[in-house]
Amino acid sequence: MLRAGVGSCRVMRLCAQRSRARLPPSLAPIQPHSLGSSSCGGRVHSLVRTPTNACWPSVRVFSASTVAATPHRRRSAVDKRIEKELEEAHDPELVIPMSHHRPRMPESIRSRMKAAQTLVESKSLEEANQEYQEAFRIARSEHNPIGEYLCLQAMSKLEMDRSSYMNAAYHLKAAIDIFDQQAAIVRAAEQVAERKHGRQQEEDGDGDDGDDDDADDREDEDADKDGVPLWFPMSDRQQMRTDLLACYLRDGKLSEAVKLWNDLREQSDVSMHHRRNVMSPASLPTQMLVNLGHAYITLDDPHRAIDHFAKAAADARSAYNRDRAYAGSLWKALSGLGHAHIVAGDHAVALEKLMEAAGLAEEVEDMGVLSDTFYLLGLLRKAEGHPPQAERYWTQAVRGYLKLENPLTSQQRYMFDALIGLADMADSREDFDRAFVYYKRALASALEAKKRPESMKAFVKVVDVLDKAKKFDEAARFQKQMVDYVSEGSDVPIYSDAVARIDLGKRYRGLARPIEAEGEFRTAASISEHLGKNILQAKALHELSSLLILLHRFGDAQKEAKIALRLIQDDPHSGEPLAEHLGNLALVDSMTGSHKSALDLAQRACEEANKTHDRESIARALHVHGTVLSEAGESDDALAALNKSYHIFKDELKNDRGVGLLSGALGHCHMNLKDYEKATTFFRNQLRLASAHHDKWQITDSVRNLAWCAFHTNDHQRALELFQRHADDAFSLGQNPLAVQSMRMASNSCRIMGLSELSDQLSFLAEQLQLKSNITHRDRPVK
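So, here's what we can say about the structure. Quick caveat, the model's predicted, so the values are computed rather than measured. (Residues numbered from 1 in each chain as written. Predicted model: local features only at pLDDT ≥ 70, side-chain atom pairs only at ≥ 80, totals over all residues. Heavy atoms only, no water.)

**A few points about the overall build of the chain**
Operational definition: Strands are runs of DSSP state E lasting at least 2 residues, helices are runs of H or I lasting at least 4, and numbering of each runs from the N terminus. Only protein chains enter the accessibility calculation, which uses a 1.4 Å probe; a residue whose area is less than 20% of its type maximum is buried, one above 50% is exposed, and one in between is partly exposed. Contacts are residue-level and defined by heavy atoms, with any inter-residue pair within 4.5 Å sufficient. A 1.4 Å probe and the Shrake-Rupley method give the accessible areas. Residues count as covered only by the protein chains that appear here.
Helix and strand counts for the chain stand at 34 helices and 2 strands. Of all 783 residues assigned to the chain, the portion counted as buried reaches 50%. Counting contacts in the chain only where the partners sit at least 6 residues apart, residues at least 24 apart contribute 63% of the total. Within the structure as shown, the chain displays about 37,300 Å² of accessible surface, and the carbon and sulfur contribution to it stands at 49%.

Here is the structure:
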């Protein structure tokens, strides 16, 4: 590493004075893409960080008139003066010599980089990335290595800010390649210059100063035309390799990270100081050991993590004993060591390390450090089985994190985990309102940090806790936001988008919102077809056909069910069960009067379900088979199948929803047998269970069934009330055929009771509704 002894550096001696170390045209600057070519001319210049690049820190620069080139075997007065200035500057960055010619960059590149930097400051990262890419393209086309290098550095920083570590690593490796190419040119120039050093000294003593000045001027003009530097600050290369290591760690490429770390450790510049933060300076070996320790924790290898954190702690403690400014470095190592011991289950040692880290956190006096310490102590208490203490620590941690203006990535992750932990504990106490507040805040923090996995996790948690709180409409709103978030993450349809839409459609169907449910199912089927995912398309169409059966749109339901079944049969190795697909087709055929086909399909559904040995699948198939038998008039066989399904749901699966469905089916069967008393008992049980689960479909169906029982038992006043209620509910659900039928039955009840005027009004409304709905689907009333 270049430090105070600048005067002894060969490169600085080479670039110092115009009258020294002249290079022949054959060794003038060479572009990286044409390394090895001899068709170029000019002179060597050292690269400095240009002030137009806002992402580079400031660098102390000495011009060529300040730095005197002297043989390495003696130290000049200029060398000593530079060393003195360095000592006074206390600048941790590398001091770079340069000629009096500042490297030039075309305005086309410079303007785009300025525009990109402005966009970065305004948080328009995507537009900034496009500007940098265009600047890089121009630099590449104009063979300008400076432009290429600066663009690659800026793009790598941008990608790291966007957590796109794979892209950042790609840019960093390309920038390092350009650095190494330019360094190779300088090394070649140094070797030639040193061989000619003796002869040049004689020329300096005997030559004509005027001629030299003219030659210098000509060389200066050539340099102004070329503007191509050959040397980048060594600190840049080291920083890029450090950032590359961080990218490997965060992208999960542990083998590449370990290989690069070993290479860094073997380099002579491994002692260079890492980028400073608000806490304290950290040496590169200590920082990388800490990073690797965290990587091993992520990979669930706490023992290797402990080894790395222990080494980092030893190095940091040694530095801390010499200088208290290294308290932050020691805190990093000890807190990481405590975290690793928590994961390893060694809670006593973890507590010891974290308490020592807590003392250092107070010494550092940084809110982020204190919050991290509280988070880790909460994690320890949670692992020890003390949730109340963990909750107190995590609450303090979250309060601290919320006060940070620009939290680090690790702090964002800790805050998210603390919020999820607090919410989980509230959820376990059935304090769903408090859990919702924490989950929602965790979701907001994940979305703000643009962390997709964490955002998806928080979305799922929010929806789940709202379901537990029986706030189903609110849960549907968040699930819709989750679907939109998934679809916005890609410019093209993706598999997860289709899956999320199927789930959302099922939720809408459960909430009796059929129009929205149908839209989601059809969109999911379209996406799946576009992706060529036949099985996923079949699932979407199956759910759609189930919805259409509820709506009594049997023609559309049959069409979608047949396509779904064909897609499944075309891929016999998919593992997708056929029973439910066959069952939907059986129900459609039964409701449209095709009893023979329906019975065959229902029998096949039972056979396929038995192959799976899944009791719920078997119970559903028996339900379909019993329903089809009942519609075909085979009531005894229907009762046997339905009773068997009923007892599986009730006794084995403890599934109240299934019991409610079977209660309705058994009620239908008994009503067909004209046993209205038993039928009424089953329908009341159906209504009770449906109301407990807020199942509007089953509530509406049970009301209709009870109305029919009342009508057949000549309780026409009760029948009128129930038919009117059912007509309103069915119309709101989109079951227009059933709504029309109930209005007609209400009209019949009025006529029987002698209410002719009301009967005529209801009959008229039924006709208007049928005309408005343009009903074309056959609906056969229950006998």
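**Details of unusual backbone geometry**
Non-glycine residue histidine 143 carries a positive phi angle of around 55°. Looking at the secondary structure, you find histidine 143 in the loop between α4 (125-141) and α5 (145-161). Phi is positive for asparagine 714, close to 65°, though the residue is something other than glycine. Examined against the element boundaries, asparagine 714 turns out to sit in the loop between α31 (696-712) and α32 (716-733).

**Comments concerning the environment of lysine 253**
Within the secondary structure, lysine 253 is located in the loop between α9 (234-250) and α10 (254-266). Taking the C-alpha atoms as reference points, lysine 253 and methionine 166, separated by 87 residues in sequence, lie 9.5 Å from one another. Excluding its chain neighbours within four sequence positions, the residues that come into contact with lysine 253 are Met166 and Tyr248.

**Structural notes on the pattern of salt bridges**
Rules: In the sections that follow, a salt bridge refers to a side-chain nitrogen of Lys or Arg positioned within 4 Å of a carboxyl oxygen of Asp or Glu.
Counting across every chain of the model gives 34 salt bridges. Between glutamate 576 and lysine 539 there is a salt bridge, and its shortest N-O distance comes to 4.0 Å. Separated by 37 residues along the polypeptide, glutamate 576 in the loop between α24 (554-569) and α25 (579-591) and lysine 539 in helix α23 (residues 534-550) bring together distant segments of the chain. Of the residues examined, lysine 539 reaches a relative accessible area of 34% and is grouped as partly exposed. A salt bridge links aspartate 600 to lysine 596, with the shortest nitrogen-to-oxygen separation between them at 3.7 Å. With aspartate 600 and lysine 596 both in helix α26 (residues 595-612), this residue pair falls 4 residues apart, about one helical turn. Given a relative accessible area of 65%, lysine 596 falls into the exposed group.

**Comments concerning the packing of aromatic side chains**
Under the convention used in this document: Aromatic pairing here means that ring centres of Phe, Tyr or Trp (its six-membered ring) are within 6.5 Å. Orientation follows from the plane angle: under 30 degrees is stacked, over 60 is edge-to-face, and everything else is tilted.
Following the criterion strictly, the structure yields 8 aromatic pairs and no others. With centroids separated by 5.8 Å and ring planes inclined at 80°, the aromatic side chains of phenylalanine 436 and phenylalanine 478 adopt a geometry described as edge-to-face. Taken together, the positions of phenylalanine 436 in helix α18 (residues 432-448) and phenylalanine 478 in helix α20 (residues 472-488) put the pair 42 residues apart, joining distant regions of the chain. Residue class for phenylalanine 436 comes out buried when judged on its relative accessible area of 17%. For phenylalanine 478, a relative accessible area of 3% gives the class buried. For the ring pair phenylalanine 711 and phenylalanine 723, a centre distance of 6.5 Å and an interplane angle of 70° mean the geometry is edge-to-face. In this pair, phenylalanine 711 is assigned in helix α31 and phenylalanine 723 in helix α32, connecting sequence segments 12 residues apart.

**Remarks on the packing of helix α28 (residues 635-652) against helix α29 (residues 656-672)**
The test is simple: Axis definition: a line fit to C-alpha positions, over the contact stretch in the case of helices; interaxial angles, taken between N-to-C directions, run 0 to 180 degrees. Should an angle fall under 35 degrees it is called roughly parallel, over 145 degrees roughly antiparallel, and 65 to 115 degrees roughly perpendicular, with every other angle called oblique. Helix crossings fall into two classes, left-handed where the near helix is turned counterclockwise from the far one by less than a right angle and right-handed where it is turned clockwise. Here the term charged refers only to Asp, Glu, Lys and Arg, the term nonpolar to Ala, Val, Leu, Ile, Met, Phe, Trp, Tyr, Cys and Pro, and the term polar to all other amino acids, Gly among them.
Close contact between α28 and α29 brings their axes to 9 Å; oriented N to C, the two are set at 165°. As judged from the angle between their axes, α28 and α29 are roughly antiparallel. Crossing of α28 over α29 shows left-handed handedness. Of the residues in α29, those in contact with Ser635, Ala638, Leu639, Leu642, Asn643, Ser645, Tyr646, Phe649 and Lys650 of α28 are Gly658, Val659, Leu662, Ser663, Ala665, Leu666, Cys669 and His670. Broken down by class, the residue content of the contact of α28 with α29 amounts to 10 nonpolar, 6 polar and 1 charged.

**Notes on helix α30 (residues 676-692)**
Counting along an α-helix, one turn takes 3.6 residues, and residues three or four places apart therefore face a common direction. So the rule is basically this: In a helix, the anticipated span is given by 1.5 Å times the number of residues less one.
If you check α30, its first and last C-alpha atoms are 24 Å apart, about what 17 residues at 1.5 Å a residue would give, namely 24 Å. Taken as a whole, α30 has its buried residues at Tyr676, Ala679, Thr680, Phe682, Phe683, Asn685, Gln686, Leu689 and Ala690. On the buried face of α30, the contacting elements are α28, α29 and α31. The positive-phi residue at the C-terminal boundary of α30 is histidine 694, with phi of around 55°.

**What about the environment of glutamate 652?**
Heads up, the rule is: Whenever two N or O atoms come within 3.5 Å, that pair is a polar contact, provided that in protein one can donate a hydrogen and the other can accept it, and provided that, for residues adjacent in sequence, both atoms are side-chain atoms.
Its place among the elements puts glutamate 652 in helix α28. Residue glutamate 652 is classed as partly exposed on the basis of its relative accessible area of 45%. Each C-alpha atom of the pair glutamate 652 and glutamate 616 lies 9.2 Å from the other, and the pair is 36 residues apart in sequence. Of note is the side chain of glutamate 652, whose polar atom sits 2.9 Å from the side chain of arginine 615.

**What about helix α3 (residues 107-121)?**
To be explicit about the condition: As used here, the arc is the angular range of directions from the helix axis to the C-beta atoms.
With 15 residues, α3 extends 21 Å between its outermost C-alpha atoms, agreeing within 8% with the 21 Å of an ideal straight helix rising 1.5 Å per residue. Residues Ile109, Arg110, Met113, Ala116 and Gln117 constitute the buried set of α3. For α3, the arc enclosing every buried residue in end-on projection is 125°, short of the 170-degree limit, so these residues lie on one face. In the core, the buried residues of α3 are packed alongside α4 and α5. Residue lysine 123 follows α3 closely and has a positive phi angle near 70°.

**Points about the side chain of glutamine 411**
The residue glutamine 411 is located in helix α17 (residues 409-428) in this model. By relative accessible area, glutamine 411 is classed as buried at 7%. Setting aside residues no more than four positions away along its own chain, glutamine 411 makes contact with Gly368, Val369, Asp372, Tyr401 and Leu404.

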